[in-house]
Amino acid sequence: MTRNEPRVLDVDALKALAHSLRQRMLTRLQREGPATSAELAAEFRTDRGATSYHLRQLARFGFIEEDAGRSAGRRRYWRAVPQDLRLPRRSDDPEVAAAAEEVSRQWFDRGKQELEDYLRDREAYSEWADAVMHSYGGTRLTPEELKQFGEEYIALLKRWHRGPGEDTPGARHITVLFNAFPSTAETPEQKPAGSPS
């Protein structure tokens with residue numbers, strides 16, 4: 001699977017990813033590169049056996065893979081599989097909806113926490129603080145245009161994507177938060193179709 005092919009997660013993959021420790025381990029591998037279960041157990045202060053189990057579950061569902069070039073003997077390195085992960089947009093299946101909601105909540109909470117951490121100590125980032133951008137804006141779109149807007153955003157992220165080991169000198173991981181949704185001040189029930197702005 002390449003990062004260019006969107007992967008809409010099925011219920012089993014969603015359930016595997018809904019575990020918070022697995023989410024944190026996957027994020028760690030995506031941002032910092034390959035690691036062994038022993039290294040991850042030490043970083044996350046978890047049992048090595050449990051860490052190995054969670055890594056195998058992530059591998060089983062295609063989120064990570066063994067880094068054969070680094071592994072030797074019993075020392076196995078794991079790396080994230082670069083891919084465009086997507087949550088199902090909507091589902092009539094309550095199990096799929098609940099699992100997708102949990103993964104979505106974790107992604108949102110992690111992004112919110114990272115933003116709050118940065119804002120609390122932004123002066124410590126020197127020239128990075130001058131480069132940071134915060135944007136709050138809006139536009140008027142149809143549902144189809146909103147989908148296209150989202151795809152163009154993902155294409156932009158892919159264009160700028162660098163994984164571990166592809167670093168340019170002076171580069172660091174940048175968290176990018178994106179939310180595009182209908183404003184609650186104007187729900188379809190509140191505003192008749194075709195009414196003026």
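Residues numbered from 1 in each chain as written. Predicted model: local features only at pLDDT ≥ 70, side-chain atom pairs only at ≥ 80, totals over all residues. Heavy atoms only, no water.

### Some details on the overall build of the protein
Worth spelling out the cut-off: Secondary structure counts use DSSP, requiring at least four H or I residues in a row for a helix and at least two E residues in a row for a strand, with both numbered from the N terminus. For every residue, the accessible area obtained with a 1.4 Å probe (protein chains only) is divided by the maximum for its type, and the residue is called buried under 20%, exposed over 50%, and partly exposed between those limits. Note on contacts: a residue pair is in contact if any heavy atoms of the two residues lie within 4.5 Å. All accessible-area figures derive from a Shrake-Rupley calculation using a 1.4 Å probe, and residue coverage is judged against the displayed protein chains alone. The charged-residue count follows a simple rule in which Lys and Arg add positive charge and Asp and Glu add negative charge, with His and chain termini not counted at all. Every charge is mapped to an atom, namely NZ of Lys, CZ of Arg, CG of Asp or CD of Glu.
Scanning the protein from N- to C-terminus turns up seven helices and five strands. Helices and strands in the protein line up, N terminus first, as β-α-α-β-α-α-β-β-β-α-α-α. By residue count, 26% of the 197 residues in the protein fall in the buried class. Counting only contacts in the protein whose residues sit at least 6 apart along the sequence, the fraction spanning at least 24 positions is 61%. When the accessible surface of the protein is totalled, it reaches about 14,100 Å², and 51% of it is carbon and sulfur. A gap of 4 Å separates the mean positions of the 31 positive and 32 negative side-chain charges of the protein.

### Topic: helix α3 (residues 37–44)
Here is the rule we go by: Working note: the arc is built from the helix axis to C-beta atom directions.
Those residues of α3 that sit buried are Ser37, Leu40, Ala41 and Phe44. Along the long axis of α3, the arc covered by the buried residues comes to 105°, so they all point the same way. Here the buried face of α3 lies against α2 (20–32), β2 (35–36), α4 (48–60) and β4 (77–80).

### Focus: the pattern of salt bridges
Here is the rule we go by: The salt bridge criterion pairs a side-chain nitrogen of Lys or Arg with a carboxyl oxygen of Asp or Glu, the two atoms within 4 Å.
In total, this model carries 15 salt bridges according to the counting rule given. A salt bridge links Arg28 to Glu32; the nearest nitrogen and oxygen atoms lie 3.6 Å apart. With a gap of four residues between them, Arg28 and Glu32 both fall in helix α2, about one helical turn apart. Here Lys158 and Asp84 are joined by a salt bridge, their closest N and O atoms 3.1 Å apart.

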